[in-house]
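Each chain is listed here by its residues.
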Amino acid sequence: MPRELRDVVFVDGVRTPFGKAGSLYAETRADDLVINCIRELMRRHPELPPDRVDDVAIAATTQTGDQGLTIGRSAAILAGLPRSVPGYAIDRMCAGAMTAVTTVGSGIAFGAYDVAIAGGVEHMSHHPMGSGIDPNPRIVAEKLVDPSALVMGSTAENLHDRFPEITKQRADGFAVLSQNRVQQAYRAGIIQESLVPVATRSVELGWGLATADEPPRPDTTIEALATLRTPFRPYGRVTAGNAAGLNDGATACLMAAEAVAAELGLPAAMRLVSYAYAGVDPEVMGVGPVPATEKALAKAGLSIEDLGAFEINEAFAVQVLAFLDHFKIDAEDPRVNPYGGAIALGHPLASSGVRLMIHLAHTFREHPEVRYGLTTMCIGLGMGGSVIWENPHHRSALHAADQVAA
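Each chain has its residues counted from 1, following the order in which its sequence is written. Thresholds applied to this predicted model are a pLDDT of at least 70 for local features of residues and 80 or more for the giving and counting of side-chain atom pairs; totals over whole chains, interfaces and linings are not thresholded and use all residues. Side-chain descriptors were evaluated using all non-hydrogen atoms of the structure, hydrogens and water having been removed beforehand.

Caption draft 1: Expanded view of the packing of helix α9 (residues 289-300) against helix α10 (residues 317-326). To obtain each axis, a line is fitted to C-alpha atoms, and for helices this fit is confined to the stretch in contact; angles are then taken between N-to-C directions over 0 to 180 degrees. A run of DSSP states H or I qualifies as a helix once it reaches four residues; a run of E qualifies as a strand once it reaches two. Both are numbered from the N-terminal end. Their axes nearest at 9 Å, the elements α9 and α10 cross at an angle of 45°. Between α9 and α10, the interaxial angle falls into the category oblique. Along the contact surface, α9 presents P289, V290, T293 and E294, while α10 presents Q319, F323 and H326. Polar here means any residue other than Ala, Val, Leu, Ile, Met, Phe, Trp, Tyr, Cys and Pro, which are nonpolar, and Asp, Glu, Lys and Arg, which are charged; Gly is therefore polar. Residue composition of the contact of α9 with α10, by class: three nonpolar, three polar and one charged. For this classification, under 35 degrees means roughly parallel, over 145 means roughly antiparallel, 65 to 115 means roughly perpendicular, and everything else is oblique. Residue contacts are counted whenever heavy atoms from the two residues lie within 4.5 Å of one another.

As structure tokens, this is what we get:
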């Protein structure tokens, strides 16, 4: 029988402070990071009966060790959700949490779920990028992809080759901007709103409490970045300063049918409009957000000019600049990553998609003049993912709600 699709909302999102690999969370389990996020979501929303959570989707790029055992289900149990709440693991490399959101969002729209939790975790201290994998040798031997496609930093160098107008100086300038915007957001108390304090353990130092992101370097200057080595290519352009680092962290969010959220008294921070994933040449995976965004816009019947806010994952500065150049958006446009991004905050792979959504939700709350916004990211092995959201606080949306109430 035909079904009516339901409107889907992003209710709320939280995350742990992000740590540097081998540092803050070196002796803390990955699953405990995401468990803290699930518990905090439920604590913040006592209006949500735990048994109304229909599923828990948690992403991890490396699904072994403390990121294994179908982490969505094991984390749900350990977080104290009822045994009746199922869960599963999901993987789309860097876009794991984004895919968790769009997957449960589709289930909600279809009517399979009313409320679900989606998120991601990556503990790069315990699971360095590429650990435990065994790529089929034919992928390189048969020249299906260039060997550089398997090294993310090399793909960023390839992107510089493809777009020579994106110089190292431009990339460094964008990196400084990201650091400065994160510092300003911390000073304004914006980033702290979504952070979940995490107890940290160290045999040498004892117990501690993580309350702030570890990676930001507020004293970064373009002069200092110019001196950094280029580890992926002699005389290259990609450095530790204009790329996201190796990080540990977790995120989680509540997704719900809009009518169910209203019934339960849950807030609606963003409304899901459309999403799309696209494939590109793996050797230049950083360009993936461009076709993904074009597909998402076409599905929504919108144009790039309709978007008033952009959250672009800063895996590498060159990748963000390639996106902005394509759509003719200035790198310093205040609509783009206004609270900084992964170059400063860190990029714990599969968790980062929800971090983008948390930032966009804050922009929507503070800017009712903005109606539509975008979260987008590049994905390893040559993909991009984009999600378009509508601001429920937008003046026209509020006016329509008033008319319905009348």
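Caption draft 2: Broad picture of the pattern of salt bridges. A carboxyl oxygen of Asp or Glu within 4 Å of a side-chain nitrogen of Lys or Arg is what we treat as a salt bridge. Applying the stated criterion across every chain, the model contains 22 salt bridges. Across the salt bridge formed by R271 and E390, the nearest N and O atoms sit 3.3 Å from each other. You can see R271 sitting in strand β9 (residues 270-279) and its partner E390 sitting in strand β12 (residues 383-390), a full 119 residues away along the chain. Among the charged side chains, a network of salt bridges with common partners joins R6, R52, D114 and E263.

Caption draft 3: Seen up close, the packing of aromatic side chains. A pair of Phe, Tyr and Trp rings is counted when the ring centres sit within 6.5 Å of each other, with Trp represented by its six-membered ring. The angle between the planes then sorts it: under 30 degrees is stacked, over 60 is edge-to-face, the rest tilted. On inspection of all chains with the given rule, the structure shows three aromatic pairs. Aromatic side chains F10 and W389 sit 5.9 Å apart centroid to centroid with 80° between the ring planes, which places their arrangement in the edge-to-face category. Of this pair, F10 sits in strand β1 (residues 8-15) while W389 is found in strand β12, placing the two residues 379 residues apart along the sequence. W389 carries the same exposure label as F10, and that label is buried. Summarising the aromatic geometry, the rings of F323 and F327 are spaced 4.8 Å apart at their centres and angled 55° between planes, so their arrangement reads as tilted. Each residue gets one of three labels from its accessible area relative to the maximum for its type: buried under 20%, exposed over 50%, partly exposed in between, using a 1.4 Å probe on protein chains only. Accessibility expressed as a relative area gives 13% for F327, which makes it buried. The positively charged end of R15 is found above the aromatic ring belonging to F18, 4.4 Å away from the centroid. The ring centre of Y277 lies 3.8 Å from the NZ or CZ of R92, which sits over that ring. The criterion for a charge sitting over a ring is simple: Lys NZ or Arg CZ within 6 Å of the ring centre, and within 35 degrees of the ring normal.

Caption draft 4: Structural view of the packing of helix α3 (residues 96-110) against helix α12 (residues 352-366). Packing of α3 against α12 brings their axes to within 5 Å, and their N-to-C directions diverge by 70°. Here α12 runs roughly perpendicular to α3, going by the angle between their axes. For the pair formed by α3 and α12, the contact residues are A97, M98 and V101 on the first element and G353, V354 and M357 on the second. Residues that form the contact of α3 with α12 fall into these classes: five nonpolar, one polar and no charged.

Caption draft 5: Broad picture of the pairing of strand β7 (residues 206-210). Two strands pair when backbone bridges link them, and strand β6 (residues 198-202) and β7 are joined in this way by five bridges, in the antiparallel orientation. Bridge pairing links T200 to G208 in β7. The loop that links β6 with its antiparallel partner β7 comprises three residues. Here, strands pair whenever DSSP counts at least two bridges between them.

Caption draft 6: Structural detail: the environment of T103. Tracing the backbone shows T103 in helix α3. Looking at T103, the relative accessible area reads 33%, which means it is partly exposed. Along the sequence, T103 and P338 sit 235 residues apart, while their C-alpha atoms lie 27 Å from each other. When residues no more than four places from it in sequence are discounted, the contact partners of T103 are Y88 and I90.

Caption draft 7: A look at a nonpolar patch on the surface. Candidate patch residues must exceed 30% relative accessible area and have no salt bridge, after which like charges are joined if within 9 Å and Val, Leu, Ile, Met, Phe, Trp or Tyr side chains if within 5 Å. Where accessible areas are quoted, they stem from the Shrake-Rupley method and a 1.4 Å probe; at the residue level, only the protein chains shown are allowed to cover. Together, L150, V151, F232 and L381 make up an exposed nonpolar region whose accessible area comes to about 310 Å². By the secondary structure assignment, L150 is in the loop between α4 (138-141) and α5 (152-162).

Caption draft 8: Geometry of the nonpolar core. Remark: nonpolar core denotes a set of buried residues (Ala, Val, Leu, Ile, Met, Phe, Trp, Tyr, Cys) joined through side-chain atoms within 4.5 Å. Ranked by size, the top nonpolar core spans 77 residues in total, and within it F10, I117 and W389 carry the most contacts. With eight residues, helix α1 (residues 30-44) is the largest single contributor of residues to this core. Beyond its immediate chain neighbours, meaning those up to four positions away, F10 contacts C253, L254, M255, A268, A269, M270, M357, I358, A361 and W389. Counting 42 residues, the second largest nonpolar core, distinct from the first, contains V176, V287, A317 and F323.

Caption draft 9: How the structure looks around α9. In this model α9 runs 16 Å from its N-terminal to its C-terminal C-alpha over 12 residues, within 8% of the 16 Å that 1.5 Å per residue would give. Inspection of α9 places P289, V290, A292, T293, A296 and L297 among the buried residues, and these make up the whole buried set. For α9, the angular spread of buried residues about the axis comes to 165°, placing them on one side. The outward face of α9, more than 90 degrees from its buried face, is lined by the exposed residues A298 and K299. Buried residues in α9 make contact with β9, β10 (307-312), α10, β11 (372-379) and β12. Any helix carries an expected span of 1.5 Å times its number of residues minus one. Here the arc refers to the set of directions running from the helix axis out to each C-beta atom.

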